[in-house]
Amino acid sequence: MSKQPLSHYSPKFANKAWSDADGYTTYFSCPYSNKIKKSSSGWKQWGRQRGLYTWPIEDSLNKDLETDAAIIYEKICSYNEIIYEERILWSQFLLSQLVRTPTYIRYETKARDIFGITEKPLHDRIGCKDCGDLTFIANRDWCLLLADEDDFFVRSDNPVLQTGFIELPETCLFYPLTPKLCFVACSMPPSWNGFINKPNETRGYKLAKGAAHLYNFHQAKTTGESLILSPKHDGAIAETMFKDVLGIYPQPPFSIHILDGNNTQAAFESIRQLMSATDGFNYPNWNPKELQPFYQK
């Protein structure tokens, strides 16, 4: 019997900016001691888990999505404006990053068991360019956050931090691109229409000293089991923050639930109950209010 694939839930091209010659520093939840520990990891050795999905899906992620997404990633990191078709593909990549993690698959599996669902979506983990949800990212304003010269961003095994349901104007998405640069799909005004809005050009903002750690706090909090940072950025701040908050409220799997009319509170509650049942922990209400709204200035 052939081995199951080493599924790359966080692709190598998007991780390597955090590595030096020896790789990453990793903070992780140790399943044996129930403590947060840290270690070194080779730059190709993090962001993968055997058997998350099949060989055909792993191959398709590489050939049909990541090859092109890597080019767009380099453009965005170089502060180049991209065309609308590239915005759609980048949105597909971000949504794929949300649904292919061990955390998301754990919650999805529990939901399937609860409701007796056996069929699988047609475009499992990869998505497609015709998916209507892509417009809810592509038609937001985008911006880039540049960390202060003394600060940095980390990368979590839930690499996209999504603050709410993708359909809601107040939702924003954060995706660290490098230790110095974070992509944001912004919150929008209440009148925003995700299907017809024409977004502004992507803008960049330099953060004040210490501000990047707010985002690191939330990245650490929504981690599943581990995060990486550049070894040169490890220190007292990282030790204190990550050992206190790593994984205390994993990224909610918002796309599992379809919004029903205007009753968003019931949808949030449904996700909270699913997470609580899966993890055997009574999570409080999800409330990332300090990250939203996040409008362009």
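Residues numbered from 1 in each chain as written. Predicted model: local features only at pLDDT ≥ 70, side-chain atom pairs only at ≥ 80, totals over all residues. Heavy atoms only, no water.

Student: Break down the overall build of the protein for me, with residues and values.
Tutor: Of regular secondary structure, the protein possesses 8 helices and 11 strands. Taken over the C-alpha trace, the protein has a radius of gyration of 18 Å; the compact-globule value for 297 residues is 19 Å, and the two agree within 12%. A principal-axis box enclosing the C-alpha atoms of the protein has dimensions of 45 × 45 × 40 Å. The burial tally for the protein puts 52% of its 297 residues in the buried class. In the protein, once contacts between residues fewer than 6 apart in sequence are set aside, the share between residues at least 24 apart is 77%. Accessible surface, the protein: about 14400 Å² in total, of which carbon and sulfur atoms supply 53%. Treating the 32 positive side-chain charges of the protein as one cloud and the 34 negative ones as another, the clouds have centres 4 Å apart. (Helix = DSSP H or I, 4+ residues; strand = E, 2+ residues; numbered from the N terminus. Rg over C-alpha atoms; globule rule 2.2 N^0.38 Å. Buried < 20%, exposed > 50% of the residue type's maximum accessible area, 1.4 Å probe, protein only. Contact = heavy atoms within 4.5 Å. Areas by Shrake-Rupley, 256 points an atom, 1.4 Å probe, with all protein chains shown as cover. Lys, Arg positive; Asp, Glu negative; His and termini not counted. Charge placed at Lys NZ, Arg CZ, Asp CG, Glu CD.)

Student: I'd love a proper account of the nonpolar core, names of residues and values included.
Tutor: Grouped burial of nonpolar side chains is what soluble globular proteins tend to show. Core analysis: the biggest nonpolar cluster contains 42 residues, and Trp90, Phe93, Leu94, Ile137, Tyr175, Leu177 and Phe183 have the highest contact counts within it. Elements represented by at least two residues in this core include exactly α1 (12–15), α2 (55–77), α3 (84–99), α4 (102–115), α5 (135–138), β5 (142–146), β8 (173–178) and β9 (181–185). Apart from residues no more than four positions distant in its own chain, Phe183 is found in contact with Trp90, Leu94, Trp142, Cys143, Leu144, Leu173, Phe174, Tyr175 and Leu177. (Core = buried A, V, L, I, M, F, W, Y, C linked by side-chain atoms within 4.5 Å.)

Student: How would you summarise the packing of aromatic side chains if you had to cite specific residues and measurements?
Tutor: Under the counting rule described, the total for this entry stands at 21 aromatic pairs. Plain terms: the ring middles of Trp142 and Phe183 are 4.9 Å apart, the flat faces sit at 80° to each other, and that makes the pair edge-to-face. Of the two residues, Trp142 sits in strand β5 while Phe183 sits in strand β9, which places them 41 residues apart along the sequence. In terms of burial, Trp142 and Phe183 fall into one category: buried. Among the aromatic residues, those joined into a cluster by ring pairs are Phe13, Tyr73, Trp90, Phe93, Trp142, Tyr175 and Phe183. Arg106 extends its terminal NZ or CZ atom over the ring of Tyr107, reaching a point 4.8 Å from the ring centre. (Phe/Tyr/Trp six-rings, centres within 6.5 Å; stacked < 30°, edge-to-face > 60°. Lys NZ or Arg CZ within 6 Å of the ring centre and 35° of its normal.)

Student: Break down α2 for me, with residues and values.
Tutor: Residue Glu66 marks the point of greatest curvature in α2, where the axis turns by about 45°. Ile57, Glu58, Ser60, Leu61, Leu65, Glu66, Ala69, Ala70, Ile72, Tyr73, Ile76 and Cys77 are the residues of α2 that are buried. Of the residues one or two after α2, Tyr79 is the one with positive phi, at around 65°. (Bend = angle between axes of the 7 residues up to and from the residue.)

Student: Run through unusual backbone geometry, naming residues and quoting values.
Tutor: At Tyr79, a residue that is not glycine, the phi angle is positive and equals roughly 65°. Tracing the sequence through the fold places Tyr79 in the loop between α2 and α3.

Student: Just give me the short version of the pattern of salt bridges, but keep the residues and values in it.
Tutor: Enumeration according to the criterion identifies 10 salt bridges in this entry. The closest approach of N and O atoms between Glu66 and Arg100, which form a salt bridge, is 2.5 Å. Taken together, the positions of Glu66 in helix α2 and Arg100 in the loop between α3 and α4 put the pair 34 residues apart, joining distant regions of the chain. Arg100 matches Glu66 in its accessibility class, with the two residues each being buried. Residues Glu86 and Lys75 are paired through a salt bridge, measuring 2.6 Å at the closest nitrogen-oxygen approach. Residue Glu86 is found in helix α3, and its partner Lys75 is found in helix α2; the two are separated by 11 residues along the sequence. (Salt bridge = Lys/Arg side-chain N within 4 Å of Asp/Glu carboxyl O.)

Student: Can you tell me about the packing of α4 against helix α8 (residues 264–279), naming the residues and giving the values?
Tutor: A pair of packed helices is captured by two measures, namely the crossing angle of their axes and the spacing between those axes. In contact at an axis separation of 10 Å, α4 and α8 are set at 95° when each is read in the N-to-C sense. With respect to each other, α4 and α8 are oriented roughly perpendicular. Here Arg106, Tyr107, Lys110, Ala111 and Ile114 of α4 come into contact with α8, specifically with Leu274, Met275, Ala277, Thr278 and Asp279. (Axes fitted to C-alpha atoms, helices over the stretch in contact; angles between N-to-C directions. Parallel < 35°, antiparallel > 145°, perpendicular 65-115°, else oblique.)

Student: How would you summarise the sheet that holds β8 if you had to cite specific residues and measurements?
Tutor: If you walk across this open sheet you meet the 5 strands as β7-β8-β9-β5-β10, and the pairing is mixed. Looking at the sheet topology across the chains shown, the edges are occupied by β7 (161–162) and β10 (203–206). Together, β5, β8 and β9 form the strand contacts of α2, whose direction differs from that of β8 by roughly 85°. (Pairing = 2+ DSSP bridges.)

Student: Pulling in residues and values, what's your account of a nonpolar patch on the surface?
Tutor: On the surface, Ile114, Phe115 and Ile117 cluster together into a nonpolar patch covering about 320 Å² of accessible area. Secondary-structure assignment places Phe115 in helix α4. Looking at Phe115, the relative accessible area reads 64%, which means it is exposed. (Patch = residues over 30% accessible without salt bridge, like charges linked within 9 Å, V, L, I, M, F, W, Y side chains within 5 Å.)

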